[in-house]
Amino acid sequence: PDLTKTLPDYQTACGCTDILMHTMERYFTNGGNMEITDSMAEALMRTVIKNAKILAEDPLNYDARAEILWAGSLSHNGLTGCGNAGGDFASHALEHEIGGLFDVAHGAGLAAIWGSWARYVYKNCLPRFHRFAVNVMGIEDLGAPDDTALKGICAMEDFYRAIHMPTSLQELGIAPTDGDLKTMARKCAVASGGQKGSAMVLHEDDMLAIYRMADHGPEKTAAH
């Protein structure tokens, strides 16, 4: 943990985001799941969110960095994917093409694309998004799964902003043309063998729609 104190605050936040995403990619799936795996995944995500906020205010906090690094080990070693139907990893695939075309940090790119991806797919994976909102983001369950799920997505974007991560491509500091977005969608589809995802299987037209949503940001997009 002491070694990571030499990182710029921005890269610390990027790392926290990627740690979260490696578990979220395994959490938002359609198919089999196990209660013990879900519970571990949810505890890990809550821990990273809590301690990433601490580091945004107190970058030299050793205990917060230790919690983040232990969570990183558990998130990246595949533990939080044990017993489920496989990961989604569409957000990662979408971000890889952003990073391939523009000079951006991986974690920041993930934050910039995630909200748009989530709004596009959540209805196809509603029980998982509902559970995430309640168990991870602390949203009160008022009996309307759609509303609860969307509040969870908004709460996650609020977290990104709290640690100075972007929630759109504009906030990421890039200005892709529509041609750039089409190029990224095409390359993402090719790299994915034509389709990607488990929460919702995405094809090239879906990928392009998500890129276009992310280009404008959450305030200007409607749920899919």
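Note that the structure is predicted; figures quoted are calculated from it, not measured.

**A short note on the packing of helix 4 (residues 90–101) against helix 5 (residues 106–121)**
Here's step 1: Remark: helix 4 packs on helix 5, axes separated minimally by 9 Å, with the N-to-C direction vectors making an angle of 125 degrees. Classed by the angle they form, the pair helix 4 and helix 5 counts as oblique. Every pair of crossing elements has a handedness; the one defined by helix 4 and helix 5 is right-handed. Judged by residue contacts, Ala90, Ser91, His92, Leu94, Glu95, His96 and Ile98 of helix 4 engage His106, Gly109, Leu110, Ile113, Trp114 and Trp117 from helix 5.
Here's step 2: Among the residues making up the contact of helix 4 with helix 5, the classes are represented as 7 nonpolar, 5 polar and 1 charged.

**Brief notes about the pattern of salt bridges**
Here's step 1: One pass over the structure, following the stated rule, counts 9 salt bridges.
Here's step 2: The partner of aspartate 38 in a salt bridge is arginine 128, and the shortest N-O contact between them spans 2.7 Å. With aspartate 38 in helix 2 (residues 35–57) and arginine 128 in helix 6 (residues 126–135), the pair connects residues that are 90 residues apart, well separated along the chain.
Here's step 3: The exposure class of arginine 128 is buried, given its relative accessible area of 9%.
Here's step 4: A salt bridge links arginine 161 to aspartate 158, with the shortest nitrogen-to-oxygen separation between them at 2.9 Å. On the criterion of helical spacing, the pair formed by arginine 161 and aspartate 158 is a turn pair, its members being 3 residues apart in helix 7 (residues 145–162).
Here's step 5: For arginine 161, a relative accessible area of 30% corresponds to the partly exposed category.

Rules used in this analysis
- Residues numbered from 1 in each chain as written.
- Predicted model: local features only at pLDDT ≥ 70, side-chain atom pairs only at ≥ 80, totals over all residues.
- Heavy atoms only, no water.
- Axes fitted to C-alpha atoms, helices over the stretch in contact; angles between N-to-C directions.
- Helix = DSSP H or I, 4+ residues; strand = E, 2+ residues; numbered from the N terminus.
- Parallel < 35°, antiparallel > 145°, perpendicular 65-115°, else oblique.
- Left-handed = near helix turned anticlockwise from the far one by under 90°.
- Contact = heavy atoms within 4.5 Å.
- Nonpolar A, V, L, I, M, F, W, Y, C, P; charged D, E, K, R; others polar.
- Salt bridge = Lys/Arg side-chain N within 4 Å of Asp/Glu carboxyl O.
- Buried < 20%, exposed > 50% of the residue type's maximum accessible area, 1.4 Å probe, protein only.

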